[in-house]
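# Examining the three-dimensional arrangement
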Amino acid sequence: MSPLGHGVEAFWSGLLAGRRSPDGAVPPFERRSYARSPLGRRIDRTSLLALAAARLALADAGLAAEAVAGDGTGLCLGTALGNLNETASFLDRLFARGAANPLVFPNLVLNAPLAYVTIELGITGPTAMVTEEEASGEAAIAHGVEVVAAGRARLCLAGGADELDATLAAVLGEARLLTRGVPRPLDPAADGPALGEGAGVVVLEPLAAARKRGARIYACVEPHPGFAVPAPVHGWATDAGAVAAGLRPLVRDADAVFAGASGSPPRDTLEAEALKLALAGRPVPVTAVRGTTGDFGAAGALDVAAAALALATGIVPPTLGTGPAPRAGLAVVREAPQRAALRCAVVPGLARGGMCRPLRLEAVG
Amino acid sequence: MPRASTRAVAITGLGAVTALGPDVRALVTGIAEGRCAIGPLTLFSHAGRCRIAAEVPEAVPVPLAAVAPATARRLSRADRFALAAAAEACRDAGLDAALRQQTAIALGATTGGMRETEEAYRRRRAGEDRRFRLGRMLGTPLSTSAAAVSQALGLFGPRVTFSTACSSSALAIAAATDAIRAGRTRLALAIGTDQLCRLTYAGFDALQALDPEPCRPFDGQRRGLSLGEGAAALVLEDADHARARGARIHALVLGHGTATDAYHPTAPHPAGAGAVAALRAALADAGVSPERVDYVNAHGSGTPQNDAVEVGVLRAVFGRRLPRVPVSSTKSQLGHTLGAAGAVEAVVTVRALGDGLLPPTVNLRTPDPAWADLDLVREPGRRVPLAVAVTSSYGFGGHNVTLVLGRAGAV
């Protein structure tokens, strides 16, 4: 679920066409399209986005929702900030009137999306809610990969969601941390990200099982635990060499990189320098989906989806907003999609505080 | 799903910051004395019917030598709790700089920096500040605590932060165990941290989930939970690696199980389906039959619903033997420390195993008649040799985690 629309087709065709969302918001949808349990009326937006993406992923995988109910299915979701809208209104009421809304409070726990999706889909296997700021989507999917690889579930839905919120926009806007124009990922002239929202969920299965049931396989992925480097606790690492050392083995044979760059100068600088060092001069196509979707903590889940789609189609989508001289001389795909023989794509998964949870996807067959 | 590996993982370091005091010694002493740390709520004002909590009593010293002053000022109280507990655990485990460099972090939390953030939000909305003070809100992302621990203590292994309500740090311990079993790391610091905040306190009170008096887990007159705060940390280590470097092994993580109710955002499954599954899966993972369990450290939150469902879970798994298995709730002394509960109660259980000393259930005046036959350890200070214990955490949203722990040298 993205600002480009609902479902994979809208996302992918929008990315390839270089469509720009006017406000970074997921277009309106009927709650009842995705929330079918008696609790459906109460589900908050972040959880609803995650649920919608989960249902769409199952449909895309050719799996009936009933088929995944039970303890053989796992669920790993990530979010950076969770349910912001209802948290703000809960606090407003608390501070204005000293009253707290008991119907809203259960929605404010960070794992509300996990709870609602397990209830709606009847998933009783291993579940986890992870939070890793800018790498929340990648971290959740990486955790899901570990769950399946360890044989703890036959099937795992994994991904993340984060929502747009006026208070967040006000906080970042007042701190002058958002772009005044459009986001320019990996462009030296970038003046900040634009906010977006959305949810991405992938269906993970053991490769052999997927082949056996004749599933359409976008890509395959190995578990990787991620790594950490010295960095300011609340900021971006400044030692690109340390990040490059961790990424180098993963990008050694990469044919495309789906960067998390958003138009935030310290973030983009770190990622660009690290990729330049790690790629060691190879002109690997780089693209940044956040130029289209805007920035939100779980956007990395959409990066993973885009990387998988790229491997399946042999097309790398263009980055919106980047000028002709990207940072670090990276080969950023601009202006038009790039066709290439793609066997391996990497999502770096960088986050503040020195965190890195990369994913390496490979084409199949 | 059955697991192939049942290798035990060693616990070689412990740290804690709780309402009973600033370190593990204070915690263990308080547990042994049966002291209830639930007292008046002083951290902030609250206009509801409940006015008590188990607050961490004093300013907590934290190791900030490696952290820039500007960063230190922006750490939340939850970050500080995590740092203090983590520092104690790393010291306890004797981790030098080289070992710390490779140590992974798995952290569980629920409120993070919400106390600081809600206050900054309030001030802005009330016009007391003319701009949002972003510097006061930097602890909002829960993963900040893990970043703070990593940077302050020099821990640069893989890192993950979980938030599954009350089972968050139990899940962190489970994940750290898996990482070591899979050979992804030889050392992992599992941490749980949480701090009281107005949002959470008001929310639980609005749900009528809080007891206006200190909570009474398993009592027939129990009325709800008491909120607490704090942090605990455990150094988990590959057992061979621990033995090779001569580390003191407190206990072993023998196994764990995670299962989901898929039932309701707050209410537990009436038959405890997920809790039963988690307990059974944990015992199977540990290769331990129910007959070998010597002690159960319960979730025991003190709500009418939880305790009833939990006893049902224990009866389902332990059967007729249950009256001979001591069961106690540490929440009777520390309140419900939310995201920190899994780790705090694991530390308590580890020390119980090592000391052969049962943590009590305090405030228990009259057990519910439905379980008059159970041994709820109403008196502190009972000494019993313990080899195997389980500790369970049940989170909002039906997320259930059970850990099986074994005394070093006994299993």
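Keep in mind that what you see is a predicted model, and the values were worked out from it rather than measured.

Cut-off values and rules
Residues numbered from 1 in each chain as written. Chains lettered and ligands numbered in written order. Predicted model: local features only at pLDDT ≥ 70, side-chain atom pairs only at ≥ 80, totals over all residues. Helix = DSSP H or I, 4+ residues; strand = E, 2+ residues; numbered from the N terminus. Rg over C-alpha atoms; globule rule 2.2 N^0.38 Å. Buried ≥ 20, exposed ≤ 12 C-beta atoms within 10 Å, placed from the backbone. Contact = placed C-beta atoms within 7 Å. Domains from an automatic or database assignment. Nonpolar A, V, L, I, M, F, W, Y, C, P; charged D, E, K, R; others polar. Core = buried A, V, L, I, M, F, W, Y, C linked by C-beta atoms within 7 Å. Pairing = 2+ DSSP bridges. Axes fitted to C-alpha atoms, helices over the stretch in contact; angles between N-to-C directions. Parallel < 35°, antiparallel > 145°, perpendicular 65-115°, else oblique. Left-handed = near helix turned anticlockwise from the far one by under 90°. pLDDT = per-residue confidence, 0-100.

## Describing the overall build of chain B
- Per the secondary structure count, chain B includes 13 helices and 12 strands.
- Relative to its length of 411 residues, chain B is compact, with a C-alpha radius of gyration of 20 Å against a globular reference of 22 Å.
- Expressed as lengths along the three principal axes of its C-alpha atoms, the size of chain B is roughly 65 × 55 × 40 Å.
- Relative to its 411 residues, chain B shows a buried fraction of 67%.
- Put simply, of all contacts in chain B between residues at least 6 apart along the chain, 80% involve residues at least 24 apart.

## A short note on the overall build of chain A
- Regarding its fold elements, chain A presents 13 helices and 15 strands.
- For 365 residues, the compact-globule estimate of 2.2 N^0.38 gives 21 Å, and the C-alpha radius of gyration of chain A, at 19 Å, lies within 12% of that figure.
- Each principal axis of the C-alpha atoms in chain A carries an extent, and together these give about 55 × 55 × 40 Å.
- When burial is assessed residue by residue, chain A has 62% of its 365 residues classed as buried.
- Counting only contacts in chain A whose residues sit at least 6 apart along the sequence, the fraction spanning at least 24 positions is 77%.

## Points about the domain arrangement of chain A
All names here are of chain A.
- Annotation of chain A at the domain level lists domain 1 (8-217) and domain 2 (227-362).
- Look at where the C-alpha atoms of domain 1 and domain 2 centre, and you get two points 21 Å apart.
- Taken together, the contact between domain 1 and domain 2 spans 48 residues of the former and 51 residues of the latter.
- At the level of secondary structure, the elements contributing two or more residues to the side of domain 1 that touches domain 2 comprise helix 1 (8-16), helix 7 (136-149), strand 3 (155-162) and strand 4 (198-204).
- Per-element tally for the side of domain 1 that touches domain 2: the top contributor is helix 7, with seven residues.
- Per-class residue counts for the side of domain 1 that touches domain 2 are 25 nonpolar, 14 polar and nine charged.

## Here we look at the nonpolar core
- Counting 285 residues, the largest nonpolar core has B:A85, B:A86, B:A190, B:I191, B:L234, B:A343 and B:V347 as the members making the most contacts within it.
- If you count residues domain by domain, this core takes at least three from each of domain 1 (8-217) and domain 2 (227-362) of chain A.
- Excluding its chain neighbours within four sequence positions, the residues that come into contact with B:A343 are B:G108, B:S169, B:A172, B:I173, B:A190, B:I191, B:G192, B:A232, B:A233 and B:L234.

## Considerations on the pairing of strand 12 (residues 344-347) of chain A
All names here are of chain A.
- Side-chain alternation along strand 12 places C344 and V346 on one buried face and A345 and V347 on a second face that is also buried.
- The sheet contact formed by strand 12 and strand 15 (residues 359-362) spans four bridges and is antiparallel. Along strand 15, the bridge assignment pairs V346 with R360.

## A few points about helix 8 (residues 198-206) of chain B
- By the criterion of burial, helix 8 of chain B is predominantly enclosed, with nine of the nine residues buried.
- What helix 8 of chain B keeps buried is the set B:R198, B:L199, B:T200, B:Y201, B:A202, B:G203, B:F204, B:D205 and B:A206.
- Elements in contact with the buried residues of helix 8 of chain B: helix 5 (84-97) of chain A together with helix 5 (114-125) of chain B.
- Backbone geometry just after helix 8 of chain B places B:Q208 at a positive phi near 60 degrees.

## Some details on the packing of helix 3 (residues 77-92) of chain B against helix 6 (residues 144-153) of chain B
Residues and elements named next belong to chain B.
- Viewed as axis vectors pointing N to C, helix 3 and helix 6 meet at an angle of 45 degrees, and their least axial separation amounts to 9 Å. With respect to their mutual orientation, helix 3 and helix 6 come out oblique. Crossing of helix 3 against helix 6: the hand is right-handed. Note on element contacts: helix 6 touches helix 3 through T144, S145, A148, V149, A152 and L153, opposite A78, D79, A82, L83, A86, A87 and C90.
- Taken together, the residues of the contact of helix 3 with helix 6 break down into 10 nonpolar, two polar and one charged.

## So, the sheet that holds strand 12 of chain A
All names here are of chain A.
- Sheet architecture is open: six strands sit in the order 5-15-12-7-8-10, paired in mixed fashion. Whereas interior strands pair on both sides, the edge strands pair on one side only; in this sheet they are strand 5 (220-221) and strand 10 (331-332).
- Pairing between strand 5 and strand 15: two bridges, direction antiparallel. Along strand 15, the bridge assignment pairs C220 with E362.

## Quick look at the interface of chain B and chain A
- The partner chain A presents 59 residues to the 60 residues of chain B that form the contact.
- Taken together, the elements giving at least two residues each to the side of chain B that touches chain A come down to helix 5, helix 6, strand 5 (159-162), helix 7 (168-181), helix 8, strand 8 (251-260) and helix 10 (273-286) of chain B.
- The element that contributes the greatest number of residues to the side of chain B that touches chain A is helix 8 of chain B, accounting for six residues.
- A per-class count over the side of chain B that touches chain A returns 31 nonpolar, 19 polar and 10 charged.

## Observations regarding the sheet that holds strand 14 (residues 355-356) of chain A
Residue and element names in this part refer to chain A.
- The strand order across the open sheet built from three strands is 6-14-13, with neighbouring strands paired in antiparallel fashion. Each having just a single partner strand, strand 6 (227-228) and strand 13 (350-351) make up the two edges of the open sheet.
- In the sheet, strand 6 pairs with strand 14 via two bridges, with the strands oriented antiparallel. Bridged to A228 within strand 14 is M355.

## Concerning the environment of A:L330
Residues and elements named next belong to chain A.
- In this structure, L330 sits in the loop between strand 9 (315-316) and strand 10.
- Overall, L330 belongs to the buried group, with 24 C-beta atoms counted inside 10 Å.
- For the pair L330 and T269, spaced 61 residues apart in sequence, the C-alpha separation works out to 11 Å.

## Some details on the confidence of the model for chain B
Residue and element names in this part refer to chain B.
- Looking at chain B, pLDDT values average 95 and 99% of them are 70 or higher.
- When the criterion is pLDDT under 50, residues 1-6 qualifies, and its contacts beyond four places in sequence or with other chains add up to 12 contacts.
- Two numbers describe this predicted complex: its pTM, 0.98, and its ipTM, 0.98.

## What about the pairing of strand 2 (residues 127-130) of chain A?
All names here are of chain A.
- Residue alternation in strand 2 divides its side chains into two sets, T127 and M129 and A128 and V130, and both sets are buried.
- As defined by bridge partners, strand 1 (residues 73-78) adjoins strand 2 across four bridges and the pair is classed as parallel. Across the sheet, the residue bridging to L77 is M129, located in strand 2.

## A word on the environment of B:R115
Residues and elements named next belong to chain B.
- Here R115 shows up in helix 5.
- Taking the C-alpha atoms as reference, R115 lies 27 Å from G30; in sequence the two are 85 residues apart.
- Apart from residues no more than four positions distant in its own chain, R115 is found in contact with S76, R77, Q195, L196 and C197.

## Things to note about unusual backbone geometry
All names here are of chain B.
- Located in the positive-phi region is F218, a residue other than glycine, with phi close to 70 degrees.
- Despite not being glycine, L338 shows a phi value in the positive range, around 50 degrees.
- Along the chain, L338 falls in the loop between helix 12 (331-334) and helix 13 (341-355).

## Quick notes on the environment of A:A140
Residue and element names in this part refer to chain A.
- Looking at the secondary structure, you find A140 in helix 7.
- Under the C-beta neighbour-count criterion, A140 is labelled buried, with 36 such atoms within 10 Å.
- Beyond its immediate stretch of four places on either side in the chain, A140 contacts C76, L77, G78, V130, A158, G159, G160 and A301.

## A short note on the packing of helix 1 (residues 24-33) of chain B against helix 13 of chain B
Residues and elements named next belong to chain B.
- Contact geometry for helix 1 and helix 13: axes closest at 11 Å, N-to-C directions at 70 degrees. Here helix 1 lies roughly perpendicular to helix 13, going by the angle between them. For the pair helix 1 and helix 13, contact is made by V24, L27, V28 and I31 and by V347, V348 and R351, respectively.
- The residue inventory of the contact of helix 1 with helix 13, partitioned by class, reads six nonpolar, no polar and one charged.

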